[in-house]
Amino acid sequence: MMASIPDPAQQASAADGIRSNDIVFEAKNVTKRYDMGEVTVDALRGVNLSLRASEFIVLLGPSGSGKSTLLNILGGLDVPTSGTVTYRGRDLSGADDATRTAYRRNNVGFVFQFYNLIPSLTARENVALVTEIVRDPMPPQEALRIVGLGDRMNHFPAQLSGGEQQRVAIARAISKRPEVLLCDEPTGALDISTGVVVLEAIERINRELGTATAVITHNAAVASIADRVVQLSDGLIVADRSNPVKTAARDLTW
Amino acid sequence: MQALDRKLFRDLWRIKGQALAISMVIAVGVLMLIAYLSNFNSLQSTRDAYYERQRFGHVFATLKRAPLSLGNRISAIPGVAQAETRVVFDVALDVEGLAEPATGRLVSIPERQREIVNDVVLVRGRYIEPGRSDEAIISLGFADANRLEPGDTVGAILNGRRRDLEVVGVGLSPEYVYTIRPGEMIPDNARFGVFWMGRRALGAAFDMEGGFNDVSLLLRPGTQVEGVIQELDELLRPYGGWGAIPRDLQLSHWSVQNELNGIRVAGVIIPIVFLGVAAFLLHVVLHRIVAVQREQIATLKALGYQRLSIALHYTYWALAISLTGTLIGTVCGALLGRGMLSMYNDFFRFPVLEYRLDPVVVAGAVVLGIVAAVFGARTSVRRAVRLQPAEAMRPEPPAKYSASLVERLGLRRLLSQPARIILRNIERQPVRSAITIGGIALSLAVLIVGMFAVDSLDLMMDMQFRVSQRQDLQLTFTEPISPDGIYSLQRLPGVMMAEPVLSVPVRLRSGQRSRQLSIMGLPHLPQLFRVIDVETLSPADLSHDGVVLAERLAHVLDVGPGDSITAEVLIGSRPVREIAITSTVRQHMGLAAYMNIDAVRRLLHHDKTLSGGYLTVDSQALPELFRAIKETPAIAGSGLKAAALKSFQETFAANLGIMIFFNVLFASIIAFGVVYNAARVSLAERSRELASLRVMGFTRQEISAILLGELGILALLALPLGLLLGYALTSLLTKAMETELYALPFSVVPSTYAVCALTILGATVVSGLIVRRKLDRLDLLEVLKAKE
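Residues numbered from 1 in each chain as written. Chains lettered and ligands numbered in written order. Predicted model: local features only at pLDDT ≥ 70, side-chain atom pairs only at ≥ 80, totals over all residues.

(A) Broad picture of the overall build of chain A. Scanning chain A from terminus to terminus reveals seven helices and 10 strands. Dimensions of chain A, computed from C-alpha atoms along their principal axes, come out at roughly 50 × 45 × 40 Å. Restricting the contact set of chain A to residue pairs at least 6 apart, pairs at least 24 apart contribute 71%. (Helix = DSSP H or I, 4+ residues; strand = E, 2+ residues; numbered from the N terminus. Contact = placed C-beta atoms within 7 Å.)

Structure (structure tokens):
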């Protein structure tokens, strides 16, 4: 169903393999507090986490546990209230908007639960939205072929199913050849069979492009496809375990 | 094309109705700007080129009679490039097909054509031939109005003798771009014409061989006009000079200049109002767009789009709408401007009135369009830029509502649930409600400003022709005659009543300020030509020896009641007197001074003290009366009030109709733009809520009532505000357009307010109904399924 990944990507994968133990992200004592008028919410209360190159981690936890906040901070969408976050040794926690924008533009691919496609643009144009602004992107058609949508490129979001829309979002995220792929509940709005197709795409990108990947989910079954599972609860990491035997996404059931 | 630009075009296409409504408001503003200012440019450049080519004079003087040899001394005044001495007389004309006598201004021109000051342009026919004393070139307006062509003849009474003048040519002169009989307010082409005739012919007819009674000067560039006038006055004083005037005060030039000033003011103020409204509308629509697209904005930011790209993206929205409007407005403005210019052909006579659209004007329109767009987009763009992506990914929290003021006042029980929804909505978004109210109010104000001219002119006409002047006919003698002459006027056939008038040219002086005009001597209780204050409607007191000044004249001279003023009489023995100012009187037009006729007579020291009369006439006897007048050489001219009124209506009524049409159209465009956008935005924001109500069993009528009821309340609130705003804007505009000669009276009759208000309500209802159709098609399932 999916096209094979072309050569340049494999070269990138090989290059990544050399430094597979390199730390991409490092979060130290990260807290995040939201002032919501009369109440304050402590979304993160001192989180320590690192992510290595080519690593596939799953962040698991109930809603409100702080997973999305952590992911947003790692992705440069938000800044911590205290603590530090570094990306390849560069400090993100104190970076200004322009720096974080440049960081997102060049290094991070995002996938959201609700796809967040621009409804007025076709699948190909949604991907082009990214390829137009980054150095050395892959052609939008190629990114869409990787996620198995080579034949749906000229469809508008409203003409695509949920799973297809999410795969467009993934194509959009990987088209810039990011070093990290951050996915926030990518299957949250999907049924099992479409969810599996989406996870297969993510899995494959991690495996074949060597993109460090963090996937947020509240679905424990999804955790078995990761190298490592980090569990959050109430703003704290309560478990961090390796998963030596990965399950293939297509074998998942929930 | 960049993906972001594609998004822009597709998003705009989706809201095309709203976008177009705003574009149209901008288009109207730009249209006005282009039409007015291009007319300003066209008239000005045409006029300047015409003046230059035909050597229009810089200084004009009239005198009793001076020997031709004085011409050399006038030419010798430093700064004078050319001095043209002329013979100019007003005479009565007998035109075939015109019952009443017309007035002809005979102006001498050289027998052999040469370059003269105020040179005549021949439109048809030929120049006069030397030695043919009865040939005349006549002014184009008069020729057209009376269907006169070269070869026709016109009867004229020259110095007491009736002559048949042969029309050999039809022409125009820069001196008579605006051809109006002195002392009248409306041009009457059929009854006043200029006749250019040979110098010798006129000299012989008026005992002016070897003399002249009029002079025009062309000055060298950079010459001080005041100094030349002073020297000219010195030279002419012994010869009965009336005092020279600069070009600025020359009647035709002055009228054209006033019109130019008027259209420039209108061309700036009115477009600003329209573009202001458009900026508000852009604000409302973009505010909504940014709210709807907050997740898209967050996504773009997450993807790494910079603040600048986001800011530009939303600025382009406004610019695309604005520049579309600017484009439409420029094209339509150029078309309308062309039409407007041809309308000016009815008032101003130029050989060629060429339409000219200055690129600077277009550039100005584009700049204004961009300013409106940027101004309208400002806050929404800032919101989009400041949006925190992490925050925007979460759905917007439910809007905060509270009990409305009406409910807090304890009236809650009186309100149904839908009524509460309406009131809470209006209160929850005070800024947007205010903008909607303001926009509708502005559209009403614009309409009132447009319609006010009709009421204002009506009032002016009413004051002039019904309240102040109650005569049917006004007669002017070629020269003042003995006061007994009033009895011969009374004896003319059909005359019921005759009232004397003595008009004396004077220069009124107070300190450094002075003006030349005629003091009108009237009986102390005039019955026909009455001096009425337009505010109090009471007649001025003419029983004293003092002078009554039109308030505007008092203002020009910086004097008031109780002051005294120096009057230099410009005829006869030229006495100079200090005269007390009895009172001032408010009048719509003119710089006039009135005195008791006996007091003026005492001023003059001579016995020829009747310059004309005001008559009431039995209309049955009019033909007979006109025949008698035509046979009376002493009568230079007559003015029939009914004819003047008719000519006014013919000239203005058609133009006024066109003006009203456009005003209603333009004001409706604003009203429609405001209401339609307000309704569409509400509909978009609340379709979910309204769909939920439908699911719960509310009928279409009921949910329409909620949405449109809100608009209805806002429109009703806007009406009083719009009336006030219209009132304020009208008085501002009358002030801005006030000139030395006239001030449009500030008058709007209640029925006009009512018609304007109903027009705006109509536009509101129409836009409401269009939105209502959308509401009826609301897809319940689709709306409720979508997350927002």
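(B) Representation of the overall build of chain B within the structure. Secondary structure summary: chain B contains 22 helices and 20 strands in total. Along the first, second and third principal axes, the C-alpha set of chain B runs to 100 × 55 × 50 Å. Out of the 788 residues in chain B, the part that is buried amounts to 47%. A separation of at least 24 residues holds for 83% of the contacts in chain B among residues at least 6 apart in sequence. (Buried ≥ 20, exposed ≤ 12 C-beta atoms within 10 Å, placed from the backbone.)

(C) Inspection of the pairing of strand β6 (residues 108–111) of chain A at higher detail. All names here are of chain A. Residue alternation in β6 divides its side chains into two sets, Val108 and Phe110 and Gly109 and Val111, and both sets are buried. The pairing of β6 with strand β7 (residues 180–184) spans four bridges and is parallel. From the neighbouring strand, phenylalanine 110 faces β7, where its bridge partner is leucine 182. (Pairing = 2+ DSSP bridges.)

(D) The environment of isoleucine 138 of chain B, seen in detail. Residue and element names in this part refer to chain B. Position of isoleucine 138 among the secondary structure elements: in strand β6 (residues 135–139). Distance from isoleucine 138 to tryptophan 196, taken between C-alpha atoms, is 6.3 Å for residues 58 residues apart in sequence. Residues in contact with isoleucine 138, not counting those within four places in the same chain, are Ala143, Leu148, Val167, Val170, Gly193 and Phe195.

(E) Fine view of the nonpolar core. Residues Val25, Ala278, Leu282, Ile440, Leu444, Ile670 and Val675 of chain B are the most contacted members of the largest nonpolar core, which totals 188 residues. Once you skip the residues sitting within four places of it in the chain, leucine 282 of chain B turns out to touch Ile22, Ala318, Ile321, Ala373, Gly376 and Ala377 of chain B. (Core = buried A, V, L, I, M, F, W, Y, C linked by C-beta atoms within 7 Å.)

(F) Highlighting the domain arrangement of chain B. All names here are of chain B. Looking at the assigned domains, one finds that chain B contains domain 1 (1–54 + 250–397), domain 2 (55–249) and domain 3 (467–647). Computed from C-alpha atoms alone, the centre-to-centre distance between domain 1 and domain 2 is 48 Å. In this assembly, 16 residues from domain 1 lie in contact with 24 residues from domain 2. Of all the secondary structure elements, the ones that give two or more residues to the side of domain 1 that touches domain 2 are α2 (16–53) and α7 (251–292). Ranked by the residues each element gives to the side of domain 1 that touches domain 2, the list is headed by α7, at six residues. Taken together, the residues of the side of domain 1 that touches domain 2 break down into nine nonpolar, five polar and two charged. (Domains from an automatic or database assignment. Nonpolar A, V, L, I, M, F, W, Y, C, P; charged D, E, K, R; others polar.)

(G) Focus on the interface of chain B and chain A. Listed per partner, the contact involves 20 residues of chain B and 20 residues of chain A. Those elements that place two or more of their residues in the side of chain B that touches chain A are α1 (3–14), α8 (294–302) and α11 (389–392) of chain B. No other element matches the six residues that α1 of chain B contributes to the side of chain B that touches chain A. In terms of residue class, the side of chain B that touches chain A is made up of eight nonpolar, five polar and seven charged.

(H) Structural detail: the sheet that holds strand β1 (residues 59–67) of chain B. All names here are of chain B. Spatial strand order, β2-β10-β1-β11: four strands in an open sheet with antiparallel pairing. Either end of the sheet is taken by a strand with one partner, and the two such strands are β2 (80–86) and β11 (245–246). Sheet analysis places β2 next to strand β10 (residues 211–219), joined by six bridges and oriented antiparallel. Note on β10: the bridge partner recorded for glutamate 84 is serine 216. Relative to β1, helix α6 (residues 225–236) is tilted by about 15 degrees, and along the sheet it contacts β1, β2, β10 and β11. (Axes fitted to C-alpha atoms, helices over the stretch in contact; angles between N-to-C directions.)

(I) Examining the sheet that holds strand β8 (residues 212–217) of chain A more closely. Residues and elements named next belong to chain A. Taking strand neighbours across the sheet as the criterion, the six strands line up as β6-β7-β8-β3-β9-β10 in an open arrangement whose pairing is mixed. Looking along the sheet, the strands with just one partner apiece sit at the ends: β6 and β10 (236–242). Averaged over all neighbouring strand pairs, the angle between strand axes comes to 15 degrees, with direction disregarded.

(J) Seen up close, helix α2 (residues 67–74) of chain A. All names here are of chain A. Within α2, eight of the eight residues are buried, which leaves it mostly tucked inside the rest of the structure. Residues of α2 that are buried: Lys67, Ser68, Thr69, Leu70, Leu71, Asn72, Ile73 and Leu74. Following α2 by one or two positions, glycine 76 adopts a phi angle in the positive range, close to 80 degrees.

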